[in-house]
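For reference, the chains in residue letters:
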Amino acid sequence: MKNHKFQQIRIRINAPGDSVRFAAETDKLFAKVRGVFASVPSDQVLVGATIGLKINGQDVFDDAHEVRMITCGNQVAPNNKFFRFEEHIEAGGSAIEGRYTDPQGTNPTLYPYDVKLYLWLVNESHSDKHGEKHPEKHS
Amino acid sequence: MTKIRYNIIQLEVTQAGQVVEIRHRLPSNYGRCIGFVARHVKGVYSEVDIPEIGLLAIEFNSRKQLFVNDLIGYETEVEQLPEYKELNIPLESGQLITGYYLDTQKGPDKWPYLNKEWFRPYKVAIYLKCEIQNSNQNVRSSAIHTTATQTAKC
């Protein structure tokens, strides 16, 4: 049985200033959401872009949370790209809801573009084997 | 169960050298502040990184604890994930977060006569990472309220 999955959610942004709601469901075979990473095609659309996220009815980020807080550049190693959740966020078929808001006043030639939101799903047993760098709370 | 929330304080800087006052009330169910990040959001444009565009001081629990003094810089490219600096401040319910942000940007030396016309308004965001304690108690209190309402109807 697999212990990791990177689940992708794709959000299409058609015009500057678009505010797009998205909904999905986490893979049922995985117990926990360990982290999240947002990928956008250009740094220009990142300035002022915000994302709200709710997983399993739990507020993870408010709508005013900047996308910049959950992304990083290409020079960062794949294992360190993800913003890691310290708390336990239930996966196992949980509902994902969110809203992506594009900043106004960016270069119109960049549109339309796709934002890719990657959720790092894991099963609990695997984290112990690999000695995770960040401490996690299981309360 | 302990849960984590990210509370965002947004500041707008509209004049060069401006002092922006911070007065912000956190939700009353926040038990402890465990980290913070302060960063430029948008407005400043430069071809190179600027190590300092402003200074930040934050006090917790209605000025009882001065805990954060920080420099805010500007980065041209997205590099590392922003790292939360560690705090460990028990929050008193209903108390204010106060403080100041001071713009310290310097204009270009070659245009001193332009009298601050180089300045463009910008935004700064302060992210506070907080623990919510006793979330079960909150559920219970709302349940009591519902029961009381039902009793009143009967």
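Read on for a plain summary of the structure.

Re the overall build of chain B
Looking only at helices and strands, one finds 1 helix and 8 strands in chain B. Counting helices and strands in the order they occur from the N terminus, chain B gives β-β-β-β-β-β-β-β-α. Within chain B, the fraction of its 154 residues that count as buried is 40%. Across chain B, the fraction of contacts at a sequence separation of at least 24, relative to all contacts at a separation of at least 6, is 80%. As displayed, chain B has an accessible area near 9,200 Å², and 48% of this comes from carbon and sulfur atoms.

Describing the nonpolar core
Core analysis: the biggest nonpolar cluster contains 50 residues, and A:F22, A:F61, A:F83, A:Y100 and A:L117 have the highest contact counts within it. Core analysis: the next-biggest nonpolar cluster, separate from the first, contains 31 residues, B:V13, B:A16, B:A38 and B:V44 among them.

So, unusual backbone geometry
In this model, A:Y111 is joined to A:P112 through a cis peptide bond whose omega is -5 degrees. The residue B:N61 is not glycine, and still its phi comes out positive at about 55 degrees. One can find B:N61 in the loop between strand 4 (50–60) and strand 5 (65–74). Since its relative accessible area comes to 2%, B:N61 is described here as buried.

Regarding the packing of aromatic side chains
On inspection of all chains with the given rule, the structure shows 15 aromatic pairs over all chains. Ring plane angle 80 degrees and centroid distance 5.9 Å describe the contact between A:F83 and A:F85, whose orientation is recorded as edge-to-face. Through a chain of ring-to-ring contacts, three or more aromatic side chains come together here, namely A:F6, A:F37, A:F82, A:Y118 and A:W120. Looking at A:R34, its charged tip hangs above the ring of A:W120, at a distance of 5.1 Å from the centre. The aromatic ring of B:Y84 is capped on one face by B:K129, whose charged end is 5.4 Å from the ring centroid.

Details of a nonpolar patch on the surface
Judged by side-chain polarity, B:V19, B:L55, B:L71, B:Y100 and B:L102 come together as a nonpolar surface patch covering roughly 420 Å² of accessible area. Note on placement: B:L55 falls in strand 4.

Details of the side chain of A:S94
All names here are of chain A. Note on placement: S94 falls in the loop between strand 6 (83–84) and strand 7 (95–101). From its side chain, S94 meets the backbone oxygen of A91 in a polar contact 2.6 Å long. Beyond its immediate chain neighbours, meaning those up to four positions away, S94 contacts A24, E25, T26, I55 and N56.

Some remarks on the sheet that holds strand 8 (residues 122–132) of chain B
By way of backbone hydrogen bonds, the strands of a sheet pair with one another, either parallel or antiparallel. All names here are of chain B. Read from one edge of the open sheet, 4 strands run 1-8-3-6, paired in antiparallel fashion. In this open sheet, the two edge strands, each paired with only one partner strand, are strand 1 (3–13) and strand 6 (85–90). Taken over all neighbouring pairs, the strand axes of this sheet differ in orientation by 25 degrees on average, direction set aside. Of the strand pairs in this sheet, strand 3 (residues 30–42) and strand 6 are connected by 4 bridges, and their pairing is antiparallel. Bridging across to strand 6, G35 finds its partner in E86.

Considering a negative patch on the surface
A cluster of acidic side chains, namely A:D43, B:D49, B:E77 and B:E79, defines a negative patch on the protein surface. Among the secondary structure elements, B:E77 is positioned in the loop between strand 5 and strand 6. The exposure class of B:E77 is partly exposed, given its relative accessible area of 49%.

Some thoughts on the environment of A:R10
Residues and elements named next belong to chain A. Topologically, R10 is positioned in strand 1 (residues 4–13). Along the backbone, R10 and A91 are 81 residues apart, and their C-alpha atoms lie at a distance of 18 Å. Not counting chain neighbours up to four residues away, the residues in contact with R10 comprise D114, V115 and K116. A polar contact of 3.4 Å, which involves the side chain of R10, links it to the side chain of Q8.

Overview of the interface of chain B and chain A
Of the residues lining the interface, 25 residues belong to chain B; the matching set on chain A comes to 28 residues. Summed over both sides, the interface of chain B with chain A buries roughly 2,400 Å², with 53% coming from carbon and sulfur. Summed over the three residues of chain B that lose the most area to chain A, namely B:Y6, B:V78 and B:L81, the buried surface amounts to 29% of that side. B:K129 serves as the salt-bridge partner of A:E86, at 2.4 Å between the closest nitrogen and oxygen. The interface formed by chain B and chain A holds 9 residue pairs in polar contact (both at pLDDT 80 or more) in total. Of all the secondary structure elements, the ones that give two or more residues to the side of chain B that touches chain A are strand 1, strand 3 and strand 8 of chain B. Take the side of chain B that touches chain A: its biggest share by element is 6 residues, from strand 1 of chain B. The class makeup of the residues in the side of chain B that touches chain A is 13 nonpolar, 3 polar and 9 charged.

Rules used in this analysis
Residues numbered from 1 in each chain as written. Chains lettered and ligands numbered in written order. Predicted model: local features only at pLDDT ≥ 70, side-chain atom pairs only at ≥ 80, totals over all residues. Heavy atoms only, no water. Helix = DSSP H or I, 4+ residues; strand = E, 2+ residues; numbered from the N terminus. Buried < 20%, exposed > 50% of the residue type's maximum accessible area, 1.4 Å probe, protein only. Contact = heavy atoms within 4.5 Å. Areas by Shrake-Rupley, 256 points an atom, 1.4 Å probe, with all protein chains shown as cover. Core = buried A, V, L, I, M, F, W, Y, C linked by side-chain atoms within 4.5 Å. Phe/Tyr/Trp six-rings, centres within 6.5 Å; stacked < 30°, edge-to-face > 60°. Lys NZ or Arg CZ within 6 Å of the ring centre and 35° of its normal. Patch = residues over 30% accessible without salt bridge, like charges linked within 9 Å, V, L, I, M, F, W, Y side chains within 5 Å. Salt bridge = Lys/Arg side-chain N within 4 Å of Asp/Glu carboxyl O. Polar contact = N/O pair within 3.5 Å; in protein donor to acceptor, adjacent residues only side chain to side chain. Pairing = 2+ DSSP bridges. Axes fitted to C-alpha atoms, helices over the stretch in contact; angles between N-to-C directions. Lys, Arg positive; Asp, Glu negative; His and termini not counted. Charge placed at Lys NZ, Arg CZ, Asp CG, Glu CD. Buried area = accessible area lost by both parts, 1.4 Å probe. Nonpolar A, V, L, I, M, F, W, Y, C, P; charged D, E, K, R; others polar.

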